[in-house]
Amino acid sequence: MSSSAPAGASPSAVHVLLVEDDDLMRRSFTVALERYGYEVKAAADGLAGLELFREESFDLLILDVMLPGLDGIGLCRRVRETSLVPVLMMSARGDGLDVVAGLEAGADDYVVKPVETYVLVARIRSLLRRATYAPAPGPGRGAGEERASEGDVLVFGDLSVDTAGMEVRVSGSPVAMTPTELKLLLEFAAHPGVVLERHTLLRNVWEYGWDGDSRVVDLCVQRLRRKLGRERIETVRGFGYKLRR
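Parameters and conventions
- Residues numbered from 1 in each chain as written.
- Predicted model: local features only at pLDDT ≥ 70, side-chain atom pairs only at ≥ 80, totals over all residues.
- Heavy atoms only, no water.
- Pairing = 2+ DSSP bridges.
- Helix = DSSP H or I, 4+ residues; strand = E, 2+ residues; numbered from the N terminus.
- Axes fitted to C-alpha atoms, helices over the stretch in contact; angles between N-to-C directions.
- 1 Å grid on protein atoms, 1.4 Å probe; cavity = no way out; pocket = protein on both sides within 12 Å on 5 of 7 lines; lining within 4 Å.
- Points joined across faces, edges and corners; volume = space filled by probe spheres on them.
- Nonpolar A, V, L, I, M, F, W, Y, C, P; charged D, E, K, R; others polar.
- Contact = heavy atoms within 4.5 Å.
- Buried < 20%, exposed > 50% of the residue type's maximum accessible area, 1.4 Å probe, protein only.
- Salt bridge = Lys/Arg side-chain N within 4 Å of Asp/Glu carboxyl O.
- Core = buried A, V, L, I, M, F, W, Y, C linked by side-chain atoms within 4.5 Å.

> Account for the sheet that holds strand S4 (residues 87-91), with residues named and values stated.
Across the sheet, which stays open at both edges, the 5 strands sit in the order S2-S1-S3-S4-S5 with parallel pairing between neighbours. Two strands bound the open sheet, and with one partner strand each, they are strand S2 (39-43) and strand S5 (109-112). Going across the sheet, the axis of each strand differs from the next one's by a mean of 20°, ignoring polarity. Summarising the sheet, strand S3 (residues 60-64) and S4 pair through 4 bridges and their orientation is parallel.

Here is the structure:
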């Protein structure tokens, strides 16, 4: 696993919680990420990871699926009870059960071990960009303007999306969303009634190329449906999904 960091790659004070039970992998990942400038706290099991998560503030979590005590799926569920922090799952198998279970638990993305450092860092950067994502300002509105204009609120029946305030409401009630869920919804809201193919969503939301796993799209759409209503996002078989106007 290569750990050399390119010039200018260091992020600014990004705090990462790594939960990995394999001692060699945990040390290797920690050293590699620290070389890229990340501040890493590591735990060897799920319960220790949960304790660290509750004691400190983190910008991103990296959770192995197979952990003693409390596995990565269970840990992700516990995290999602109180936090929308980006979560990246790691699986040694990469099979369907691990992927589906992790994404259903609320993870934003996953990687399969063994994983090269540059791939892991690319996924981390993508997740962090989603966590700080803001749509480009519309015509006549400067990037530094504080308050959203009325035109920033998109309304689809009982669903409203404030694209400047980054708030989502259903029947007037706020809906909490992870950064990935929110960016996916914003992608749909920017193209209401238009069928978006899975590879388009992988590219625009997850920043994957053509070799991305479309299951991350399907599972995130399922999570959106649970929060917004099952009929809000329509499946167009053989093509993709669209947001109903």
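More follows now that the structure is in view.
> Could you give an account of empty space enclosed by the protein, with specific residues and numbers?
Under the counting rule described, the total for this entry stands at 1 cavity of 30 Å³ or more. For the largest cavity, the calculated volume is near 50 Å³. As for the largest cavity, its lining consists of Val65, Met89, Met90, Ser91, Asp98, Val99, Gly102, Leu103 and Tyr110. Counting only elements with at least two residues in the lining of the largest cavity, the list comes to S4 and helix H4 (96-104). The element that contributes the greatest number of residues to the lining of the largest cavity is H4, accounting for 4 residues. In terms of residue class, the lining of the largest cavity is made up of 6 nonpolar, 2 polar and 1 charged.

> A description of the sheet that holds strand S11 (residues 233-236) should follow, citing residues and the corresponding values.
Pairing within the open sheet is antiparallel, and its 3 strands lie in the order S10-S12-S11. The strands lining the two open edges of the sheet, one partner per strand, are strand S10 (196-197) and S11. Relative to strand S12 (residues 240-243), S11 runs antiparallel, the two being bridged by 4 bridges. Residue pairing in the sheet places valine 236 in a bridge with glycine 240 of S12. In the packing of helix H6 (residues 179-189) onto the sheet, contacts are made with S10, S11 and S12, and the angle to S12 comes to roughly 75°.

> Go over the environment of leucine 60, please, and point to the residues and values.
In this structure, leucine 60 sits in strand S3. When its relative accessible area of 0% is taken as the criterion, leucine 60 is described as buried. Taking the C-alpha atoms as reference points, leucine 60 and histidine 15, 45 residues apart in sequence, are found 6.7 Å from one another. In contact with leucine 60, other than residues within four places in its own chain, are His15, Val16, Leu17, Val85, Pro86, Ile124, Leu127 and Leu128.

> Explain the pattern of salt bridges to me, using residue names and the numbers behind them.
Pairing is possible between side chains that carry opposite charge, provided their charged atoms lie close to one another. Tallied over the full model, the rule gives 14 salt bridges. For lysine 227, the salt bridge identified is with glutamate 181, shortest N-O distance 2.6 Å. Of this pair, lysine 227 sits in helix H8 (residues 215-228) while glutamate 181 sits in helix H6, and the two are 46 residues apart along the sequence. Lysine 227 sits in the partly exposed class, given a relative accessible area of 30%. The class for glutamate 181 is buried, based on a relative accessible area of 2%.

> Explain the nonpolar core to me, using residue names and the numbers behind them.
Among the nonpolar cores identified, the biggest contains 53 residues, and Leu61, Met89, Leu159, Leu184, Phe188 and Trp206 are the most heavily contacted of them. When residues in this core are grouped by element, the largest group, 7 residues, is from H8. The contacts of leucine 159, once residues within four sequence positions are left out, are Leu154, Val168, Arg169, Val170, Leu185, Leu228, Arg232 and Leu243. If you look at the next biggest cluster of nonpolar residues, it comprises 19 residues, including Val40, Met90, Val111 and Leu120.

> Explain the environment of threonine 82 to me, and be specific about the residues and the numbers.
By the element assignment, threonine 82 lies in the loop between helix H3 (72-80) and S4. On the basis of relative accessibility, which here comes to 67%, the residue threonine 82 falls in the exposed class. For the pair threonine 82 and arginine 54, spaced 28 residues apart in the sequence, the C-alpha separation amounts to 9.7 Å.

> Now, about the pairing of strand S7 (residues 159-162): what can you tell me, with residues and values included?
Here S7 shows no split at all, with Leu159 and Val161 on one side and Ser160 and Asp162 on the other all buried. For strand S6 (residues 153-156) and S7, the ladder comprises 4 bridges, and the chain directions are antiparallel. Bridge pairing links phenylalanine 156 to leucine 159 in S7. Remark: 2 residues form the turn of the hairpin made by S6 and S7, two consecutive strands paired antiparallel; glycine 157 in that turn has positive phi of roughly 65°.

Purely geometric stuff here, so don't read any function into it on its own.
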